[in-house]
Amino acid sequence: MGAAARAEELKVLLSRQKIARRVRALGAQITADYRGRPLHVIGILKGSWVFMADLLRHLDLDVTVDFLGFASYGLGTASSGEIRITKDLDASIEGLEVLIVEDILDTGRTFNHLERFLAAHRPKSLKVSTLLDKPTRRIVPVRADYVGFEIPDVFVVGYGLDFGHRYRNLPDIRIVQP
Ligand code: PRP
């Protein structure tokens, strides 16, 4: 892996088994909340795609899917506060019940931009699920409707999350010491 630490040297914060159990429970909760209503699920690229793939298979609902590319971080570990749209929505969300799927809620800056961007497209409702939440890092006071795990202020990789674009493929969530 070149200069980067080998994956197995990184401490595991959340094992694949623990993640799987929690994602199943979140799916059951979302299914119960939207019972009988179509749900449009929007994954925020890139970090959310692994979580989204697993979560979707626990939704027993009439689901449609889209992706939105929203990037805030560069190659480092600190949020730059700058947001770029890297992929727009494919379909209109006007009048739809929308669930955003994020991998991590950190400073809240991305979510704050995201909420305003999507609300302008007039969905019928808008909720957010995030696998991970770091509440101690919050700069903008936002909260998610569905949270997988609250975690401390450590930099995590795996299960879709990266450090300098690496480690997204790791099945467990591990801690990187930058
Ligand atoms: C991460 C994550 C969230 C955002 C959270 O995305 O997916 O979108 O940062 O941070 P914030 O609450 O401090 O704004 P990132 O920009 O790293 O892009 P990626 O998902 O493509 O890795």
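Q: A description of the sheet that holds strand β4 (residues 84–87) should follow, citing residues and the corresponding values.
A: If you trace the 6 strands from one edge of the open sheet to the other, you get β4-β3-β2-β5-β6-β7, paired in mixed fashion. With partners counted over all chains shown, the strands left at the sheet margins are β4 and β7 (146–150), one partner each. Shown here is a sheet whose adjacent strand axes are inclined to one another by a mean of 25°, direction ignored. In this sheet, strand β3 (residues 63–71) lies alongside strand β2 (residues 39–45) in parallel orientation, the contact comprising 7 bridges. Bridged to Ile 44 within β3 is Leu 68. Along the sheet, helix α2 (residues 49–56) contacts β2, β3, β5 (97–105) and β6 (125–133); its crossing angle with β3, the most-contacted strand, is approximately 165°. On the sheet, helix α3 (residues 109–119) packs against β2, β3, β4, β5 and β6 and is oriented at approximately 125° with respect to β3.

Q: Help me get a handle on the pattern of salt bridges, residues and values and all.
A: Summed over the entire model, instances satisfying the criterion amount to 13 salt bridges. Among the ionic pairs, Arg 57 bridges to Asp 54, the shortest N-O distance being 2.9 Å. Its salt-bridge partner being Arg 168, residue Asp 162 comes within 3.5 Å of it at the nearest N-O pair. Neither residue differs from the other here; Asp 162 and Arg 168 are each classed as buried. The network of salt bridges with shared partners includes Arg 6, Glu 8 and Glu 9.

Q: Describe the pairing of β5, with residues and values.
A: Judged by how many residues are buried, β5 sits mostly within the fold: 8 of 9 residues are covered. Summarising the sheet, β2 and β5 pair through 4 bridges and their orientation is parallel. Within the sheet, the bridge partner assigned to Ile 42 lies in β5 and is Ile 100. Alignment of β5 against β6, held across 8 bridges, turns out to be parallel. When the bridges of β6 are listed, Val 98 appears paired with Leu 126.

Q: Please provide a residue-by-residue account of the nonpolar core, values included.
A: Ile 30, Leu 39, Phe 51, Leu 131, Leu 132 and Ile 173 are the most contacted members of the largest nonpolar core, which has 25 residues in total. The set of elements that each furnish at least two residues to this core consists of α1 (16–34), β2, α2, β5, β6, β7 and β9 (173–176). Counting residues per element, this core draws most heavily on α1, which supplies 5 residues. Residues contacting Leu 132, with those up to four places away along its chain left out, are Leu 14, Asp 103, Ile 104, Leu 105, Phe 149, Ile 151, Val 156, Leu 161 and Ile 173.

Q: How would you explain the environment of Leu 10 if you had to name every residue and give the values?
A: Looking at the secondary structure, you find Leu 10 in the segment before β1 (11–14). Each C-alpha atom of the pair Leu 10 and Gln 177 lies 8.5 Å from the other, and the pair is 167 residues apart in sequence. For Leu 10, the contacting residues outside a window of four places in its chain are Ala 5, Val 157, Tyr 167, Arg 174, Ile 175 and Val 176.

Q: An account of the packing of aromatic side chains is requested, with residue identities and associated values reported.
A: According to the stated counting rule, one finds 2 aromatic pairs in the structure shown. A centroid spacing of 5.6 Å and a plane angle of 65° characterise the contact between Phe 155 and Phe 163, whose relative ring orientation is edge-to-face.

Q: Give me the sheet that holds β1: which residues, what numbers.
A: The sheet built from 3 strands is open, its strands ordered β1-β9-β8 with antiparallel pairing. Where the open sheet ends on each side, the last strands, each with one partner, are β1 and β8 (155–157). Shown here is a sheet whose adjacent strand axes are inclined to one another by a mean of 45°, direction ignored. The pairing of β8 with β9 spans 3 bridges and is antiparallel. Looking across to β9, one finds that Phe 155 is bridged to Val 176.

Definitions and cut-offs
Residues numbered from 1 in each chain as written. Predicted model: local features only at pLDDT ≥ 70, side-chain atom pairs only at ≥ 80, totals over all residues. Heavy atoms only, no water. Pairing = 2+ DSSP bridges. Helix = DSSP H or I, 4+ residues; strand = E, 2+ residues; numbered from the N terminus. Axes fitted to C-alpha atoms, helices over the stretch in contact; angles between N-to-C directions. Contact = heavy atoms within 4.5 Å. Salt bridge = Lys/Arg side-chain N within 4 Å of Asp/Glu carboxyl O. Buried < 20%, exposed > 50% of the residue type's maximum accessible area, 1.4 Å probe, protein only. Core = buried A, V, L, I, M, F, W, Y, C linked by side-chain atoms within 4.5 Å. Phe/Tyr/Trp six-rings, centres within 6.5 Å; stacked < 30°, edge-to-face > 60°.

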